[in-house]
Protein chains: 2
Amino acid sequence: MGSPMRRVSQEDTWSGQVHPDIASERHVQSFDVERLTNILDRGAQNTARRRKVESIIHSDPEFSCKDNYFMTHNERYEAAVKKAFHTQMLTQSLGWSEEELVYVYRALSGDTVLGVHTGFLKALRSLGSEEQIAKWEPLCKTCRIIATYAQTELGHGTYLQGLETEATYDATTQEFVIHSPTITATKWWPGNLGRSATHALVLAQLTCSGARRGMHAFIVPIRSLQDHTPLPGITVGDIGPKMNFDELDNGFPRLDHVRVPRENMLNRFAQVLSDGTYIKRGTEQSNYLFMVVTRVEILLGEILPPLQKACVIAMRYSVIRRQSRLRPSDPEAKILDYQTQQHKLFPQLAMSYAFHFLAISILEFFQRSYNAILDRDFSLLPELHALSSGTKAMMADFCIQGAETCRRACGGHGYSKLSGLPSLVTRVSAASSYEGENTVLYLQVARFLVKSYLQAHMSPGSTSQRFLPSSVAYLTAPDLSRCPAQRAADFLCPELYTTAWAHVATRLIKDSVYHLQTRTQSGQDQHEAWNQTTVTHLQAAKAHCYYTSVKSFSEALQKLENEPAIQQVLKRLCHLHALHGILVNSGDFLHDGFLSGVQVDMARTAYLDLLLLIRTRTQMF
Amino acid sequence: MGSPMRRVSQEDTWSGQVHPDIASERHVQSFDVERLTNILDRGAQNTARRRKVESIIHSDPEFSCKDNYFMTHNERYEAAVKKAFHTQMLTQSLGWSEEELVYVYRALSGDTVLGVHTGFLKALRSLGSEEQIAKWEPLCKTCRIIATYAQTELGHGTYLQGLETEATYDATTQEFVIHSPTITATKWWPGNLGRSATHALVLAQLTCSGARRGMHAFIVPIRSLQDHTPLPGITVGDIGPKMNFDELDNGFPRLDHVRVPRENMLNRFAQVLSDGTYIKRGTEQSNYLFMVVTRVEILLGEILPPLQKACVIAMRYSVIRRQSRLRPSDPEAKILDYQTQQHKLFPQLAMSYAFHFLAISILEFFQRSYNAILDRDFSLLPELHALSSGTKAMMADFCIQGAETCRRACGGHGYSKLSGLPSLVTRVSAASSYEGENTVLYLQVARFLVKSYLQAHMSPGSTSQRFLPSSVAYLTAPDLSRCPAQRAADFLCPELYTTAWAHVATRLIKDSVYHLQTRTQSGQDQHEAWNQTTVTHLQAAKAHCYYTSVKSFSEALQKLENEPAIQQVLKRLCHLHALHGILVNSGDFLHDGFLSGVQVDMARTAYLDLLLLIRTRTQMF
């Protein structure tokens, strides 16, 4: 029935020739592209290293992704396994460092099954003792075992205290008995587990000496190292097709009284002695450390790249696609010359730069605080948690929306998988729920904001006020009640719009605290009061996160004083990012009269002028 | 490598039992569900007819979609072809009417290849003469030919004048020579064309007697009716994988001087006589009629159902999923009891009702005007075009966003294809570009609004003002400069919020006209002025469309006076729809002081109270 399905091979359609419309756009060069590349790579040395890795990956036929869109689910998995092991071999033969492996993963666009295996390694390093790391790391690095991280359960995700999997210490055999008591306790989603993994790091509620001790991590062998069959007591399989990630075998293990030796509990922050005595070395939060590590790493590793790529694809398409005429006598215009197309794409471009600098700043903060935390100094953990949670949620929200905006900006061609855009969208769409569901994360930020606000305003001048974490220091800064802008050009000023965002974030946090307190003071139960004000808290947390992105972008620009040409083009994007956010949320700025309607119109004029300026004065790819 | 991929069969997991949490929710019944069903079906008779069709489809193993998510692209296509022909056989044996076929298509969730074939039929009826309809319709209905509609080209979509495909009349043989002069002239996307179609309705630029006559439609045989091979001069194939629609073989035909007889040009609105004389019987717009027909039909047929289904899935999930605790002493709470979850889902539910009633009102308007247009009375066409374009764009935007919001509201499980949600999202995502790219459609609405505004305000009291199309009659209504609401409850009033939306739409239209005129009056070329104000026009068109949805929802409720219980629950959704829109766009209402900050807070209070009211007092599924 129907003609047989066959591929029309166009021989070598990739001629390597650059489309003349793209070539002419590149000719308009207002800054040194290579310098900007080096800045984004954080040093010319890194650019060189990255390119070396990329040239190896892109020229190696084993890494070809040419047929990806035509493969079945099963073929995608098998190809990804091959790539993973080929990567493993190259890593050994070429001696790639962990930094280089980041470039490798990026060049492969995640089209490999290695990711979660690496995740296991990182969890091990966060939660394991030096002895445990020394034992398991080499097995893992040489792929003598394939490991994964198993936390989420079929019936439990967000609420870690609700996880049902049990780990009961049996002092007689010095073993933990790991058990899924119900069907909803089945671990769900662990990557690599569906078909590949031999070991899983299972998060379970520890019981020892008859007392429940909360969530701890246990290394559990899943499949035989001889013949890869599931070990006794383990039911394991693939959870089925997803919106994307065909190459990854997300799986489910059900554990029926599986016994593992006492040494298999990761014990950097807590330990069970042979007699069942429980020794705690960290706070409740220390077990969550790995989640913070992951949340920081995915910002640049998983969440931002799809938006960046979508921007490049959509922007290039928009200068070779010609449609309709700007004037009846003209030839058809490049669609990037339409104001509405610029309005779709340039805010995404600006955002991708804003998020790059924000993610870098969080990564640096993380690197400063990580070793202290490993050494059990937890003082920076609350701020690190709030910053990484809020940034993850905001970046996921905006990168999903932005990639989809880019996709739609390419019309019907953006619906073809061959444009690359559908896959970028469906892949980044996972980011709203993995590593912390976005709304839940925003509300955790909101709790931090409420606490910080109360700390800032309850006892002015006190010690606690002075020790306000730096990311919320603006809560005590002197506040303007009216924006001083008198004309459109006044809005092209980082100080002005950063202050405006700080004002709005402060007002919304204050407002959410007020609503919460009004309810509790009128006798409402505090939990009910919290639930009935969460929409307000959400709004406040989002404003705070946006403020953070505007502020970090402005600060990154200040450091580029020796690069005036680059500073200038990036400044336009920074202006655009801040003003686009103001216009989308103009109600928040008009609400208390901080901006007047006339000033919003000025901001819009400044914004629309920027679109034209960016289009005509900047080389974009 | 890895365990073999195999399906774990759970025997009959579909026990037919209702989850106790769903059963208890259904127990809270504040209105007669069956009556509401009849209202949505537009009559109890239709409900019965629909159910009869559905029971046939759902009990017929030929229509099973059980394995859909596990099939390859090729298997999906073959299954859909089988379903299409099985439908064809049932249609003949059961004598299904066209109305019943709408229910059939809906019950199949579009999982068939018949859709575009039916589209061809509709184009034929819009553009063909009675004689042509009599010839081709029976061939098509009995599947002796399989036909498609070929308009969009690889390089041309939106701008119909830019279509390159040529149809040159050769008087010597009384044939049209249909030709794709360049690679960008290749028709791209026609459904069914990749592998199935034998005929295509090709839109091409007509040249006869040496003059270009614009776009006309030609029936072009594509494949042999004997052996299904492409006919001479035709290169045809599948355009490859897409974001969804695996079952549909979207294709490309390239035409090399293909000759078709003179009778193959559809000639209701224009005809070429044997000597090449061109006779025109309609306006320029008449060839666009089929696009209007399609745009109206897809509202209820394609665009709304994914949102409706996503709402049902997400709502049901939200009462069986329990996560975290509202109070420390409570068991884990149903996630629908969280304010943030209600805030995600209830606006989507309200919107799906708003859009249902809006689409019905447009369908009725269309049905009133269609016959007049076929009889060449084009007076209602501009308004019908604006209404259908704006509604299509708005519904596509919000249904994509709404289905995705529902998907994300289900956390990780919403990312599994088995939830049904990813497919609903990726399918409806096509709606932003098919049948008119959304931004282009909004801007066509904007042109209609600018024209109407000028008509309304240039010569007060004149004839042209009195004949303002009814959908924009509000432009001349007396306007309040301040909203009279004094407390939250005042916002629960259709007249109040419909007036508020009319005020904002009018102000934004006025503003966009002002910006346009300022530029042209200061000497800017009118086309350049239009382009530099399109972002403003877009905003005005969107406000107008939202106003239309609020107004039609309120009007539909007025007709339910004999159904007080149903009127009451729907009224809450109508309030919610209007207020959600006001809060999302609060800047537009605050801009000129129509609402004060205090009033926005009142609207928010009213909105949040509604969420709770809807949750506690309404049975939702």
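This is a predicted model, so every value here is computed, not measured.

## With respect to the overall build of chain A
Along chain A, the regular secondary structure elements total 19 helices and ten strands. Relative to the compact-globule value of 25 Å for 621 residues, chain A shows a C-alpha radius of gyration of 26 Å, a close match. Taking the principal axes of its C-alpha atoms as reference, chain A extends roughly 85 × 75 × 50 Å. When burial is assessed residue by residue, chain A has 59% of its 621 residues classed as buried. Sequence separation of at least 24 residues holds for 72% of the intrachain contacts in chain A that already meet a minimum separation of 6. Accessible surface, chain A as shown: approximately 25,700 Å² in total, 54% of it carbon and sulfur. Computed over 63 positive and 60 negative side-chain charges, the separation of the two mean positions in chain A equals 3 Å.

## Notes on the pattern of salt bridges
All names here are of chain A. Per the stated rule, a full pass over the model turns up 66 salt bridges over all chains. The salt bridge involving Glu-34 is made with Arg-51; its shortest N-O contact spans 2.9 Å. One end of the pair, Glu-34, is in helix 2 (residues 33-41); the other, Arg-51, is in helix 3 (residues 44-59), with 17 residues separating them in the sequence. For Arg-51, a relative accessible area of 38% corresponds to the partly exposed category. Connected through salt bridges with shared partners, the residues Arg-76, Lys-83, Asp-111, Glu-247 and Arg-427 form a single ionic network.

## Some details on the relation of the copies chain B and chain A
Here chain B sits on chain A after a turn of 180 degrees about the axis and a move of 0.0 Å along it, with an RMSD of 0.0 Å. Taken together, the rotation angle and the small translation identify this as a two-fold axis. Within chain B, the C-alpha atom positioned nearest to the axis of rotation is that of Gly587(B), 1.7 Å from it.

## Brief notes about the side chain of Glu383(A)
Residues and elements named next belong to chain A. Turning to its location among the elements, Glu-383 is positioned in helix 10 (residues 381-409). Polar contacts involving the side chain of Glu-383 include one to the main-chain amide nitrogen of Ser-470, which spans 3.4 Å. Sequence-distant contacts of Glu-383, that is, excluding residues within four places in its chain, are made with Phe-365, Phe-448, Pro-469, Ser-470 and Ser-471.

## A short note on helix 7 (residues 130-141) of chain B
Residue and element names in this part refer to chain B. End to end, helix 7 covers 16 Å across twelve residues, agreeing with the expected 16 Å (1.5 Å per residue, within 8%). Of the positions making up helix 7, those classed as buried are Gln-132, Ile-133, Trp-136, Glu-137 and Cys-140. For helix 7, the arc enclosing every buried residue in end-on projection is 115 degrees, short of the 170-degree limit, so these residues lie on one face. Opposite the buried face of helix 7, by more than 90 degrees, sit the exposed residues Glu-131 and Ala-134. Following helix 7 by one or two positions, Cys-143 has its phi on the positive side, about 60 degrees.

## A look at the nonpolar core
Counting 328 residues, the largest nonpolar core has Phe491(A), Trp501(A), Leu570(A), Phe491(B), Trp501(B) and Leu570(B) as its most contacted members. For Leu570(A), the contacting residues outside a window of four places in its chain are Leu36(A), Tyr353(A), Phe357(A), Phe553(A), Leu557(A) and Leu560(A).

## Quick word on unusual backbone geometry
In this structure, Cys143(B) takes a positive phi of about 60 degrees despite not being glycine. When you line up the elements, Cys143(B) lands in the loop between helix 7 and strand 1 (147-150).

## Quick notes on the environment of His356(B)
Residue and element names in this part refer to chain B. For His-356, the location among the structural elements is in helix 9 (residues 339-374). In this structure the C-alpha to C-alpha distance between His-356 and Cys-143, which are 213 residues apart in sequence, comes to 32 Å. Excluding anything up to four places from it in sequence, His-356 contacts Leu-40, Leu-300 and Leu-304. Looking at His-356, its side chain comes within polar contact range of the main-chain oxygen of Leu-40, at 3.4 Å.

## Regarding the state of the cysteines
Counted under the stated rule, the structure contains zero disulfides over all chains. Cys545(A) carries a free sulfur, and the closest cysteine sulfur to it, the one in Cys399(A), is 13 Å from it. With relative accessibility at 4%, the residue Cys545(A) sits in the buried group. In this structure Cys574(B) is not part of a disulfide, and its nearest cysteine sulfur, from Cys493(B), lies 10 Å away.

## Details of the interface of chain B and chain A
Listed as interface residues are 93 residues of chain B and, on the opposing side, 93 residues of chain A. For the pairing of chain B and chain A, the buried interface totals around 7,800 Å² over both sides, and the portion due to carbon and sulfur atoms is 56%. Our enumeration of links across chain B and chain A arrives at ten salt bridges. Notably, a salt bridge pairs Arg327(B) with Asp525(A), separated by 3.6 Å at the nearest N-O pair. Element by element, the count of residues in the side of chain B that touches chain A is highest for helix 19 (residues 597-617) of chain B, at six residues. Each residue belonging to the side of chain B that touches chain A can be placed in one class, and the counts come to 32 nonpolar, 38 polar and 23 charged.

## Considerations on the packing of helix 17 (residues 564-584) of chain B against helix 19 of chain B
Axis angle and axis distance: for two packed helices, these are the angle between their axes and the distance between the axes, and together they describe the pair. All names here are of chain B. For the pair helix 17 and helix 19, interaxial distance at closest approach is 9 Å and the crossing angle is 145 degrees. The handedness of the crossing between helix 17 and helix 19 comes out as left-handed. Residues Arg-572, Leu-573, His-575, Leu-576, Leu-579, His-580 and Leu-583 of helix 17 touch helix 19, and the partners they reach there are Val-600, Ala-603, Arg-604, Ala-606, Tyr-607, Leu-610, Leu-611, Leu-613, Ile-614 and Arg-617. When its residues are assigned to classes, the contact of helix 17 with helix 19 shows twelve nonpolar, two polar and three charged.

## Let's talk about helix 10 of chain A
Residues and elements named next belong to chain A. For helix 10, spanning 29 residues, the distance from its first C-alpha to its last is 41 Å, which sits close to the expected 42 Å at 1.5 Å a residue. Along helix 10, 23 of the 29 residues are buried, which leaves the element largely enclosed by surrounding structure. At the C-terminal side of helix 10, Gly-411 shows a positive phi close to 55 degrees.

## Comments concerning the pairing of strand 2 (residues 166-170) of chain B
Look at any regular strand and the pattern is simple: side chains alternate between the two faces of the sheet. All names here are of chain B. Note that strand 2 and strand 3 (residues 175-179) share five bridges and pair antiparallel. Counterpart to Glu-166 in the pairing with strand 3 is His-179. Connecting strand 2 to the next strand, strand 3, in antiparallel fashion are four residues, including Gln-174 with a positive phi near 55 degrees. With three bridges connecting them, strand 2 and strand 4 (residues 199-208) associate as parallel partners. Bridged to Ala-167 within strand 4 is Leu-206.

## Overview of the packing of helix 14 (residues 494-521) of chain B against helix 16 (residues 534-558) of chain B
All names here are of chain B. Contact geometry for helix 14 and helix 16: axes closest at 8 Å, N-to-C directions at 160 degrees. It follows that helix 14 is roughly antiparallel to helix 16 by the angle criterion. Once helix 14 is placed against helix 16, the crossing between them reads as left-handed. Counted by class, the contact of helix 14 with helix 16 contains 14 nonpolar, eight polar and two charged residues.

Quick notes on the rules
Residues numbered from 1 in each chain as written. Chains lettered and ligands numbered in written order. Predicted model: local features only at pLDDT ≥ 70, side-chain atom pairs only at ≥ 80, totals over all residues. Heavy atoms only, no water. Helix = DSSP H or I, 4+ residues; strand = E, 2+ residues; numbered from the N terminus. Rg over C-alpha atoms; globule rule 2.2 N^0.38 Å. Buried < 20%, exposed > 50% of the residue type's maximum accessible area, 1.4 Å probe, protein only. Contact = heavy atoms within 4.5 Å. Areas by Shrake-Rupley, 256 points an atom, 1.4 Å probe, with all protein chains shown as cover. Lys, Arg positive; Asp, Glu negative; His and termini not counted. Charge placed at Lys NZ, Arg CZ, Asp CG, Glu CD. Salt bridge = Lys/Arg side-chain N within 4 Å of Asp/Glu carboxyl O. Least-squares fit on C-alpha atoms with pLDDT ≥ 70 in both. Polar contact = N/O pair within 3.5 Å; in protein donor to acceptor, adjacent residues only side chain to side chain. Expected span 1.5 Å × (residues − 1). Arc of directions from axis to C-beta. Core = buried A, V, L, I, M, F, W, Y, C linked by side-chain atoms within 4.5 Å. Disulfide = S-S within 2.5 Å. Buried area = accessible area lost by both parts, 1.4 Å probe. Nonpolar A, V, L, I, M, F, W, Y, C, P; charged D, E, K, R; others polar. Axes fitted to C-alpha atoms, helices over the stretch in contact; angles between N-to-C directions. Left-handed = near helix turned anticlockwise from the far one by under 90°. Pairing = 2+ DSSP bridges. Parallel < 35°, antiparallel > 145°, perpendicular 65-115°, else oblique.

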